[in-house]
Amino acid sequence: MTTIEIAILLSGVLVLLVLIGVRVAFATAMIGITGMFIFYMTEKGMDPGRAMLVTLKLSGQIPHSKTASHVLGLIPVFILIGYLAYFAGLTKAIFEAAKRWVGWLPGGMGVATIFSTAGFAAVSGASVATSAVFARIAIPEMLALGYDKRFAAGVVAAGGTLASLIPPSAILVIYAIITEGSVGKLLMAGFIPGAVSAVIYAVMIVGMAKRNPKLGPPVTGYSWSERFASLPAAAPILFVVAIIMYCIYGGWGTPTEAGALGAFVVLCMALYRGMRWKDLSGALIESAKLTTMIFTMIWGVLIFVRYLGFADLPNTFAAFIAGLHQPAILTLLIILGVYVILGMFMDAIGMLILTLPVTYPAVIALNGGIDITREASSLGMSGEECGIWFGIIVVKMAELCLITPPIGLNCFVVAGVRPDISVQDVFRGASPFFVADVVTVGVLIAFPGIVLWLPNLL
Amino acid sequence: MSSAHNVHTDGSWLSRFDRALFAIETKLTLLGGLAVMAAMLISVANILGRKLLNMPVPGYVAIMQQIVPVMAFLGISYCQRLGGHIRMDLVTGALRGRWRWLAEFIGILVMLILSGALFYGAQNHAMRALMLGDTTDDLGIHTWPVKMVVVVMFVFLILRLFLQLWGYGRAMQTGEEMPVAVPMIEDAATQALNEAKTVSSLDEEALK
């Protein structure tokens, strides 16, 4: 068997382990270690004892070395904001305001959930945290109003993905670091596509609820005075958003510092609103638990990623792409198709870390190189613009990972918060949003100006 | 997926050990949460100090690099106790009785073997840092203590996995429906009721 064939076989075993209920992070790490062990024996000619020793020493340092990153510090800080914002009353307040303003639409609570997750996404950059928080807030209300269980869970899981694009986004920061791009321009580029995604989700929800009113009845009866009365409680979120945006775009600090400042303000608000030590310690424990869950996924997947690197899967993919004789846009669509398939099995961050060293240069080369002008390029963008544009497209693809089986993290989190809704039901509920995301990607490919207008103003 | 679980208890030594370990795990997780808060406060001090007083926190990046793994690992065993690590339960969810406990037993065994392997590698990583006196570029902070935190947390995880392996093994033997010291999915109605209670208090206050 060739190394690639072994890698494909082991990937199949991984799927099997995941299906029989082995925790995903541990299953990926196990397959990664097994693959490395086989690689050292077959490719490096080591005896089994030596191969095992080298494998264990190498893989054993990954959990620490891959988490000892200043950039990754952004993730727990945004998770903490999510939980503190809940205690500060911000999440409930923004949801209540959205409910009063757009609840009258067919499937109005779903639309309200989408817009409030979009608003909350501008405070918290963590998709998973957004889903976790809104699963606690929006789903009980939707179920109480007779909304379809799958539909409600799907809306929350999909709404959480908006945090990946709407700044501040941790994934975009990671993309910027891997591709050595401008963090500020990338974060700014995500804003309009994030808003477009939210609008497309909302339009789809209205369409679904109109066709099948049982999915979610409208919420009527709010007067204009009641609508305006809901705004002051939601106003603090704008304050926090302003702080974070000003920090990042005004060049005041790094995204981690901006997030920390936002978290600090939310903490002060929560304390002002009477949060006690019991609540704070509860928020801290929940934050630490979710942080651990995500980081365990990250280092587990990265052990597997290290093995895939050994097996030379990325280079094999690059050679395959380079060997295609067809229009650039078709090759791009094939790459995006591969992302959809990879996203079904891999964590978003792990997938990006694994693939970007291959796909980013491939896409830049497809466009004509990093120094190409807009006029001479094959995709109609300069080299730098192409890098930013591909960043947004690829993060949108990573969003798909969050709601596609078998390891779509957002769906698992929603099912985790709501054990009365099975993960299979959440996946089914989120499936229409997969279609909406495909439409969004199509719009962003057809009209790159949606992505590039804001960063070009910088 | 099973992440919010209920763990049954009784007066057996297994259950007593489970609860004693859980008390330590909870404190460690809280410590992890406090590390997140510490990272937040240091970042705030860094940005405000730099902009307002022209005095950033010395060695800020090095400090953060030491804190992030602490946040990432202190809750690992706690998370496992509550069944919080992500999984699919398409197959195990459909199984009943001894077959289900067998599937759980195999899953925990795989995790235990892996954790043992990673414990070996992680302690090697930490010991090498200790022997070589590895330090950060800024401030010269020794890196081995944080690397050792990872090792210690793998020890806690291994303890927890041994305990769960014992619990599932005992359940396989006795065929009991509600084994102790292992995560069980709560009755859906009870969970929904708990969730409804959660969505209250301060959020409601905020709207008044």
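Conventions and cut-offs
- Residues numbered from 1 in each chain as written.
- Chains lettered and ligands numbered in written order.
- Predicted model: local features only at pLDDT ≥ 70, side-chain atom pairs only at ≥ 80, totals over all residues.
- Heavy atoms only, no water.
- Helix = DSSP H or I, 4+ residues; strand = E, 2+ residues; numbered from the N terminus.
- Buried < 20%, exposed > 50% of the residue type's maximum accessible area, 1.4 Å probe, protein only.
- Contact = heavy atoms within 4.5 Å.
- Salt bridge = Lys/Arg side-chain N within 4 Å of Asp/Glu carboxyl O.
- Polar contact = N/O pair within 3.5 Å; in protein donor to acceptor, adjacent residues only side chain to side chain.
- pLDDT = per-residue confidence, 0-100.
- Patch = residues over 30% accessible without salt bridge, like charges linked within 9 Å, V, L, I, M, F, W, Y side chains within 5 Å.
- Areas by Shrake-Rupley, 256 points an atom, 1.4 Å probe, with all protein chains shown as cover.
- Expected span 1.5 Å × (residues − 1).
- Core = buried A, V, L, I, M, F, W, Y, C linked by side-chain atoms within 4.5 Å.
- Axes fitted to C-alpha atoms, helices over the stretch in contact; angles between N-to-C directions.
- Parallel < 35°, antiparallel > 145°, perpendicular 65-115°, else oblique.
- Nonpolar A, V, L, I, M, F, W, Y, C, P; charged D, E, K, R; others polar.
- 1 Å grid on protein atoms, 1.4 Å probe; cavity = no way out; pocket = protein on both sides within 12 Å on 5 of 7 lines; lining within 4 Å.
- Points joined across faces, edges and corners; volume = space filled by probe spheres on them.
- Phe/Tyr/Trp six-rings, centres within 6.5 Å; stacked < 30°, edge-to-face > 60°.
- Lys NZ or Arg CZ within 6 Å of the ring centre and 35° of its normal.

### Notes on the overall build of chain B
- In terms of regular secondary structure, chain B is built from seven helices and two strands.
- Reading the secondary structure of chain B in the N-to-C direction produces β-α-α-α-α-α-β-α-α.
- The proportion of buried residues among the 208 residues of chain B is 51%.
- Considering only contacts in chain B between residues 6 or more positions apart, those separated by 24 or more positions represent 73%.

### Quick notes on the interface of chain B and chain A
- Of the residues lining the interface, 77 residues belong to chain B; the matching set on chain A comes to 82 residues.
- Run the count over chain B and chain A and you get one salt bridge.
- Taking the shortest distance from any N to any O, the salt bridge between E257 of chain A and R50 of chain B comes out at 2.9 Å.
- Across the chain B-chain A interface, the total number found is four residue pairs in polar contact (both at pLDDT 80 or more).

### Details of the pattern of salt bridges
- Under the counting rule described, the total for this entry stands at 17 salt bridges over all chains.
- K99 of chain A serves as the salt-bridge partner of E96 of chain A, at 3.2 Å between the closest nitrogen and oxygen. Placement of the pair is E96 of chain A and K99 of chain A together in helix α5 (residues 90-102), with a separation of three residues, close to one helical turn. Across the pair, K99 of chain A and E96 of chain A agree in class, each one buried.
- The partner of R160 of chain B in a salt bridge is D18 of chain B, and the shortest N-O contact between them spans 2.6 Å. Here R160 of chain B, found in helix α5 (residues 144-174), pairs with D18 of chain B, found in helix α1 (residues 13-52); they are 142 residues apart in sequence, far enough to count as distant. In this structure, R160 of chain B and D18 of chain B share a single accessibility class: buried.

### Some thoughts on the confidence of the model for chain A
- Scored by pLDDT, chain A has a mean of 84; 93% of the residues are at 70 or more.
- Mean pLDDT across the elements of chain A bottoms out in helix α16 (residues 313-322) of chain A (66) and peaks in helix α3 (residues 48-65) of chain A (95).

### Quick notes on a nonpolar patch on the surface
- Among the surface-exposed residues, L16 and I20 of chain A together with W99, L102 and I106 of chain B lie close enough to one another that they form a single nonpolar patch of about 480 Å² accessible area.
- Top element by residues in the nonpolar patch is helix α4 (residues 97-132) of chain B. It accounts for three residues.
- Considering the arrangement of structural elements, one finds L16 of chain A in helix α1 (residues 3-19).
- The class for L16 of chain A is exposed, based on a relative accessible area of 53%.

### A few points about unusual backbone geometry
Residue and element names in this part refer to chain B.
- The backbone of N54 shows a phi angle near 55°, a positive value even though the residue is not glycine.
- You can see N54 is positioned in the loop between α1 and α2 (60-73).
- Despite not being glycine, L139 shows a phi value in the positive range, around 65°.
- By the element assignment, L139 lies in the loop between α4 and α5.
- L139 gets classed as exposed once you look at its relative accessible area, which sits at 53%.

### Regarding helix α15 (residues 277-310) of chain A
- End to end, α15 of chain A covers 48 Å across 34 residues, agreeing with the expected 50 Å (1.5 Å per residue, within 8%).
- Directly beyond the C-terminal end of α15 of chain A, a positive phi value near 65° is found at D312 of chain A.

### So, the nonpolar core
Residues and elements named next belong to chain A.
- Counting residues in each nonpolar core, the largest one holds 223 residues, and the members touching the most others are Y307, Y339, L352, W389 and F390.
- Sort the elements by how many residues they give to this core and α15 lands first, with 18 residues.
- The residues touching Y307, leaving out its near neighbours within four places in the chain, are T3, I6, A7, L10, G32, G35 and M36.

### Structural notes on the packing of α2 of chain B against α5 of chain B
Residues and elements named next belong to chain B.
- One way to put it is that α2 packs onto α5 with a least axis distance of 9 Å and a crossing angle of 5°. With respect to each other, α2 and α5 are oriented roughly parallel. Contacts between α2 and α5 pair Q66, P69, V70 and F73 from the former with V146, V150, M153 and F154 from the latter.

### Quick word on the packing of helix α8 (residues 149-160) of chain A against helix α11 (residues 191-211) of chain A
All names here are of chain A.
- Interhelical geometry of α8 versus α11 gives an angle of 170° and a closest axis separation of 12 Å. When the axes of α8 and α11 are compared, the pair comes out roughly antiparallel. Taking contact as the criterion, the partners of F151, V155, A158 and G159 in α8 are, on α11, Y201, I205 and M208.
- Each residue belonging to the contact of α8 with α11 can be placed in one class, and the counts come to six nonpolar, one polar and no charged.

### A short note on empty space enclosed by the protein
- Overall, the coordinates contain three cavities of 30 Å³ or more when judged by the stated rule.
- Approximately 60 Å³ is the volume found for the second largest cavity.
- The wall of the second largest cavity is formed by I20, G21, V22 and R23 of chain A together with R87, T92, A103, E104, G107, I108 and M111 of chain B.

### Describing the side chain of S15 of chain B
Residue and element names in this part refer to chain B.
- Considering the arrangement of structural elements, one finds S15 in helix α1.
- On the basis of relative accessibility, which here comes to 0%, the residue S15 falls in the buried class.
- A polar contact is formed between the side chain of S15 and the backbone nitrogen of D10, at a distance of 3.0 Å.
- With residues up to four places along the chain from it excluded, the contact list for S15 reads H8, T9, D10 and V180.

### Overview of the confidence of the model for chain B
All names here are of chain B.
- Residues of chain B with pLDDT of at least 70 account for 85%, and the chain-wide mean is 85.
- Counted against residues more than four places away or in other chains, residues 186-208, with its pLDDT under 50, gives 40 contacts.
- Predicted complex, confidence summary: ipTM 0.89, pTM 0.77.

### A word on the environment of F320 of chain A
- Relative to the helices and strands, F320 of chain A resides in helix α16.
- C-alpha separation for the pair F320 of chain A and I4 of chain A, spaced 316 residues apart in sequence, amounts to 13 Å.

### Focus: the packing of aromatic side chains
- Scanning the entire structure with this criterion turns up 16 aromatic pairs over all chains.
- Between the aromatic rings of Y201 of chain A and F433 of chain A, the centroid separation amounts to 5.2 Å while the plane-to-plane angle is 85°, which identifies the pairing as edge-to-face. Of this pair, Y201 of chain A sits in helix α11 while F433 of chain A sits in helix α21 (residues 423-446); the two residues are 232 residues apart in sequence, bridging distant segments of the chain.
- Its relative accessible area of 0% is what places F433 of chain A among the buried residues.
- Three or more aromatic residues link up through ring pairs in this structure, and these residues are F26 and W299 of chain A together with F73 and F154 of chain B.
- Over the ring of F22 of chain B we find R81 of chain B; its NZ or CZ atom is 3.9 Å from the centre of that ring.

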